[in-house]
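# Survey of secondary and tertiary structure
Here is what each chain is made of, one letter per residue.
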Amino acid sequence: MPAYKRILLKLSGEALMGDDAYGINRATIVRMVQEVREITQMGVEVAVVIGGGNIFRGVAGGSVGMDRATADYMGMLATVMNSLALADTMRQEGITARVMSAIGIEQVVEPYVRPKALQYLEEGKVVVFAAGTGNPFFTTDTAAALRGAEVGAEIVLKATKVDGVYSADPKKDPEATRYTRISFDEAISKNLQVLDATAFALCRDQKLPIKVFSIFKQGALKRVVMGEDEGTLVHV
């Protein structure tokens, strides 16, 4: 039996690149979608927030000296592109997905409307939230915390390149150890960068646990959803 009925999965745009320098790696996105399909078949309701770093960082050289709000809006549009790619790959893999955007581009995707998102989740559709929070100065981490709280997700799953939260950078420190679980207060006192500060505070206030795990580990998403020892659980 899955440990969670409804989850919010936060994917970074960089996760879609695979080994490429930027853009979307086809094999990588298909593998991720297949892992999502596996948990939807177990009856888990899945909402997704995706970043835009794979696209926007590819053009970020041109954003040097740019107004921060303008750059953030460009980043939001990059997440819409990723969301469309993700939803289309899901369609090809037999999953019904709906993209909902925090900024109005009705010809491309439908706007985010909370009751509609809840209806889709209850119907077993995967809901992909695009365009972050719709506001500049907020990251897609914050969007994940916000949407997770809004749709009543039981946990925010942050899919990264590392398999959890470590006591130090595991690439630099061979003595670094992975935390199996850690409280919000401990993570703050140890200055562990789990999510950005705004997102972290929102999850703590809403008593919404966070699980950090590696999306590149085969079967890790399923193990997380089953409540197994995978990644790091940040709890109240």
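The paragraphs below set out a description of the structure included in this document. Keep in mind the model is a prediction, meaning the values are calculated, not measured.

## So, the nonpolar core
Core analysis: the largest hydrophobic core is formed by 41 residues, its most contacted members being Ile 7, Leu 9, Leu 11, Leu 86, Val 126, Leu 157 and Phe 213. Residues within four places of Phe 213 in sequence aside, it is in contact with Leu 9, Leu 157, Lys 158, Ala 159, Thr 160, Val 162, Asp 163, Gly 164, Ala 220, Leu 221, Val 224 and Gly 231.

## Digging into the pattern of salt bridges
Under the criterion given, the structure shown has 18 salt bridges. For Asp 141, the salt bridge goes to Lys 10, with nearest N and O atoms at 3.5 Å. Of this pair, Asp 141 sits in helix 5 (residues 140-150) while Lys 10 sits in strand 1 (residues 6-11), and the two are 131 residues apart along the sequence. Of the two residues examined, Asp 141 and Lys 10, each falls in the buried class. We note a salt bridge from Arg 204 to Asp 185, for which the minimum N-O separation is 3.6 Å.

## Details of the side chain of Thr 160
Within the secondary structure, Thr 160 sits in strand 6 (residues 155-160). Setting aside residues up to four positions removed in sequence, Thr 160 forms contacts with Val 212, Phe 213, Ser 214, Ile 215 and Phe 216.

## Description of the side chain of Thr 140
The topology assignment puts Thr 140 in helix 5. With a relative accessible area of 18%, Thr 140 lands in the buried category. With residues near it in sequence (within four places) discarded, Thr 140 still touches Lys 10, Val 49, Ile 50, Gly 51, Thr 79 and Gly 132.

## Overview of the sheet that holds strand 4 (residues 110-111)
The nine strands lie next to each other as 4-3-5-2-1-6-8-9-7, forming an open sheet whose pairing is mixed. Unpaired on one side and paired on the other, strand 4 and strand 7 (181-183) mark the two borders of the sheet. Two strands pair when backbone bridges link them, and strand 1 and strand 2 (residues 45-50) are joined in this way by six bridges, in the parallel orientation. Note on strand 2: the bridge partner recorded for Lys 10 is Val 49.

## Points about the packing of aromatic side chains
The final tally for this structure, using the stated rule, is two aromatic pairs. Aromatic side chains Tyr 112 and Phe 129 sit 5.4 Å apart centroid to centroid with 90° between the ring planes, which places their arrangement in the edge-to-face category. Pair noted here: Tyr 112 is in the loop between strand 4 and helix 4 (114-122) and Phe 129 is in strand 5 (residues 126-130), with a separation of 17 residues, a long-range link. For Tyr 112, a relative accessible area of 17% gives the class buried.

## Quick notes on the packing of helix 5 against helix 7 (residues 197-205)
Contact geometry of helix 5 with helix 7 gives a least axis separation of 7 Å together with a crossing angle of 15°. For the element pair helix 5 / helix 7, the angle class is roughly parallel. Two packed elements cross with a definite hand, and for helix 5 against helix 7 that hand is left-handed. Taken together, the residues of helix 7 that come into contact with helix 5 (itself represented by Asp 141, Thr 142, Ala 145 and Leu 146) are Thr 198, Ala 199, Leu 202 and Cys 203. Among the residues making up the contact of helix 5 with helix 7, the classes are represented as five nonpolar, two polar and one charged.

## Description of the packing of helix 1 (residues 26-40) against helix 3 (residues 68-92)
It is at 9 Å that the axes of helix 1 and helix 3 come closest, and there the two elements cross at 65°. As helix 1 packs across helix 3, the resulting crossing turns out to be right-handed. Here helix 1 contributes Arg 26, Ile 29, Val 30, Val 33 and Val 36 to the contact with helix 3, which in turn contributes Ala 85, Leu 86, Thr 89, Met 90 and Gln 92. A per-class count over the contact of helix 1 with helix 3 returns seven nonpolar, two polar and one charged.

Procedures and definitions
Residues numbered from 1 in each chain as written. Predicted model: local features only at pLDDT ≥ 70, side-chain atom pairs only at ≥ 80, totals over all residues. Heavy atoms only, no water. Core = buried A, V, L, I, M, F, W, Y, C linked by side-chain atoms within 4.5 Å. Buried < 20%, exposed > 50% of the residue type's maximum accessible area, 1.4 Å probe, protein only. Contact = heavy atoms within 4.5 Å. Salt bridge = Lys/Arg side-chain N within 4 Å of Asp/Glu carboxyl O. Helix = DSSP H or I, 4+ residues; strand = E, 2+ residues; numbered from the N terminus. Pairing = 2+ DSSP bridges. Phe/Tyr/Trp six-rings, centres within 6.5 Å; stacked < 30°, edge-to-face > 60°. Axes fitted to C-alpha atoms, helices over the stretch in contact; angles between N-to-C directions. Parallel < 35°, antiparallel > 145°, perpendicular 65-115°, else oblique. Left-handed = near helix turned anticlockwise from the far one by under 90°. Nonpolar A, V, L, I, M, F, W, Y, C, P; charged D, E, K, R; others polar.

Structural measurements only, silent on function.
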